[in-house]
Amino acid sequence: MTAESSAMRAPVPATAERESPELAIATAFFDAAAERLGLPDHERELLWRPELELEVRIPIELRSGVVRVYSGFRVQHNGSRGPFKGGLRFHPDVDRWEVRALASLMTWKTAIASVPYGGAKGGIDCAPEELETADLETLTRTYMNKVESILGATRDIMAPDVGTSARMMGWLMDQYSISRGFEPAIVTGKPVELGGSLGRESATGRGVAYMLECAAKDAGRDVGELRIALQGYGNVGRWAAEGLAARGARIVAVEDAAGAVHAEHGLDVRALTAHVAEAGTVAGFPGGERIAHEELLACACDAFVPAALGGMIDEDAARLLRCSILVEGANGPTTPAAEADLLDRGVLVIPDVMANVGGVVVSYFEWVQNLQHFQWSAEDVDQRLRERIAAVYHDVCAQRAVAGGTSSLRLAAYELALSRVLTAAKQRGYTSG
Ligand code: GLU
């Protein structure tokens, strides 16, 4: 057994307040909406502070003999509207500040999507692509053992996020059932054979495509005439590209962590997906020319879809963008200063809390199917998803109209979310015990 010390990052002091990009973004937009709604301090406190935070240490001896001590998190932000709901992220940057921010985004998202949940998020500070499958399984199962006491099908329901997939959701469900009995509704985004919903894997990306369709229609345009550039080709970017290409849109450029490709006449998305399945990246795709990161940002397109990590569209990136619509597939991709710059230039910014709700909407459908022990058809799921996305677009635009029609969609979405959560919190009453 060897203790790995040199490769480890310095532990974050327990009292340090790190400004993760996601937390800075979530705080700024929350404050702006709370200000506009004129919320008193106690209501801001009620809506902003997480209800419960759990941080656990997970020491693992990897198959290589190296011992690593990972940190795991689960933050339950607000449960006024229903059980806590939100994904589990595996990424080296995960820490309590990032998870806290992402948990709050889930509270707003579930409220905006009108699904009967609160918001939560979990994570482990690991790089899943560097771990052997057996190590990943041990890590996932040990995490479940350590956080299990606060979960439950009517308490807190996990789902995939960056770095996790259906496979890990299967492990989580299995581990939970060892002590608690068979309970598929404990986690969504499971493999279909274990009670997962048809259409869940593609739901976030398809939701992004449907949302863009709604916005284009509203602007008197057909989504099929749009040229699209995407940053990120993981579970969100890939399915958004496929959904948009299926509606006739031209996918002109795509970037992931290893590089970017461009084709003025449009990339063949199916061939690109097949290339990524083989090569693990869009880089080197023969159906397009390689471009630099700045060229990707500056490419001529109608809609730009950030579908990677938080904070990637900062002011420098925003200055380069030439799109007229920015649709946030990722959580927290745009900094407040970058958004202000884009809005000044007349760019329509469709924020994460409405643009990427497709994932949690189909998670909700999966949970309902699990509770009913029944499976809906793929067409049924897709039809309901599409209707839900149209309703979200309508509700946020209606909120913006009430507020005078001048605010950003994000501000309108936050106002809607804060109001809905606050109403539920008040109806529950302030005394507990
Ligand atoms: N991780 C996804 C999100 O950020 C899905 C969450 C869920 O389905 O619970 O929206």
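The structure under discussion appears in the preceding block.
What you are looking at is a predicted structure, and each value in this text was computed from that prediction instead of being measured.

What is the right way to read the nonpolar core from this model?
Note that soluble globular proteins tend to have their nonpolar side chains buried in a common cluster. Grouped together as the largest cluster of nonpolar side chains are 81 residues, with contacts concentrated most on W108 and I228. For this core, the element with the highest residue contribution is helix α15 (residues 409-428), accounting for 10 residues. Not counting residues within four places of it along the chain, the set of residues in contact with W108 comprises F30, L47, H77, V353, Y414, A417, L418 and V421. One finds V66, M158, M169 and I186 within the second-largest nonpolar core, a separate group that totals 27 residues.

Teacher, can you tell me more about unusual backbone geometry here?
For residues other than glycine, phi is negative in most cases, and the peptide bonds are mostly trans. The phi angle at S114 is positive, at roughly 55°, despite the residue not being glycine. Mapped onto the secondary structure, S114 falls in the loop between α3 (96-112) and β6 (119-124). Positive phi is not limited to glycine here, since H373 has a value of about 50°. Its place among the elements puts H373 in the loop between α13 (358-372) and α14 (378-402). Residue class for H373 comes out exposed when judged on its relative accessible area of 63%.

Even after reading the chapter, I still don't get the pattern of salt bridges, so can you show me in this structure?
Two side chains with opposite charge may pair up if their charged atoms get near one another. One pass over the full model with this rule turns up 31 salt bridges. The closest approach of N and O atoms between R44 and E35, which form a salt bridge, is 3.2 Å. Two residues, R384 and D380, come together in a salt bridge whose shortest N-O distance is 3.4 Å. Of this pair, R384 and D380 both sit in helix α14, 4 residues apart, which is roughly one turn of that helix. For R384, a relative accessible area of 35% corresponds to the partly exposed category. Taken together, the shared-partner salt bridges in this structure form one network comprising R89, E98, K121 and D161.

For this particular structure, what's the right way to read the packing of aromatic side chains?
Aromatic rings in a pair are described by how distant their centres are and how their planes are angled relative to each other. Inspection of every chain in the model, using the stated rule, returns 9 aromatic pairs. Judged by centre distance (4.9 Å) and plane angle (35°), the ring pair of F30 and W48 falls under tilted. Residue F30 is located in helix α1 (residues 21-37), and its partner W48 is located in helix α2 (residues 41-48); the two are separated by 18 residues in the primary sequence. Given a relative accessible area of 2%, F30 falls into the buried group. By way of ring pairs, the aromatic residues F29, F30, W48, W108 and Y414 are connected into one cluster.

Just to check I follow, could you spell out the sheet that holds strand β8 (residues 227-231) for this structure?
One open sheet holds the 7 strands; their spatial order is β11-β10-β9-β8-β12-β13-β14, and the pairing between them is mixed. In this open sheet, the two strands that pair with only one neighbour each are β11 (289-291) and β14 (348-350). For this sheet, the mean inter-axis angle between neighbouring strands, taken without regard to orientation, is 20°. As judged from the 2 bridges shared by strand β12 (residues 303-306) and strand β13 (residues 325-327), these two strands associate in the parallel manner. Residue pairing in the sheet places F304 in a bridge with L326 of β13. Helix-sheet contacts for helix α7 (residues 235-246) involve β8 and β9 (250-256), and the interaxial angle to β8 is about 170°.

Got a minute to help me understand the environment of D256 in this structure?
Among the secondary structure elements, D256 is positioned in strand β9. Here the alpha-carbon distance between D256 and T204, two residues 52 residues apart in the chain, equals 18 Å. Discounting residues that sit within four places of it in the chain, D256 has contacts with Y233, G280, T281 and V282.

Just checking my understanding: could you explain the site of the ligand for this structure?
Near the ligand, the surroundings consist of 14 residues, among which K85, K109, P160, D161 and S363 are the closest. Taking K121, its side chain carries an N or O atom lying 3.0 Å from an oxygen atom of the ligand. When the ligand sits alone it has 290 Å² of accessible area, and the protein chains cover 95% of it. Mapped onto the shell around the ligand, the elements with two or more residues apiece are α3 and α13. The leading source of residues in the shell around the ligand is α13, at 3 residues. Partitioned by chemical class, the residues of the shell around the ligand number 4 nonpolar, 5 polar and 5 charged.

What counts as what
Residues numbered from 1 in each chain as written. Predicted model: local features only at pLDDT ≥ 70, side-chain atom pairs only at ≥ 80, totals over all residues. Heavy atoms only, no water. Core = buried A, V, L, I, M, F, W, Y, C linked by side-chain atoms within 4.5 Å. Buried < 20%, exposed > 50% of the residue type's maximum accessible area, 1.4 Å probe, protein only. Helix = DSSP H or I, 4+ residues; strand = E, 2+ residues; numbered from the N terminus. Contact = heavy atoms within 4.5 Å. Salt bridge = Lys/Arg side-chain N within 4 Å of Asp/Glu carboxyl O. Phe/Tyr/Trp six-rings, centres within 6.5 Å; stacked < 30°, edge-to-face > 60°. Pairing = 2+ DSSP bridges. Axes fitted to C-alpha atoms, helices over the stretch in contact; angles between N-to-C directions. Near = heavy atom within 4 Å. Polar contact = N/O pair within 3.5 Å; in protein donor to acceptor, adjacent residues only side chain to side chain. Areas by Shrake-Rupley, 256 points an atom, 1.4 Å probe, with all protein chains shown as cover. Nonpolar A, V, L, I, M, F, W, Y, C, P; charged D, E, K, R; others polar.

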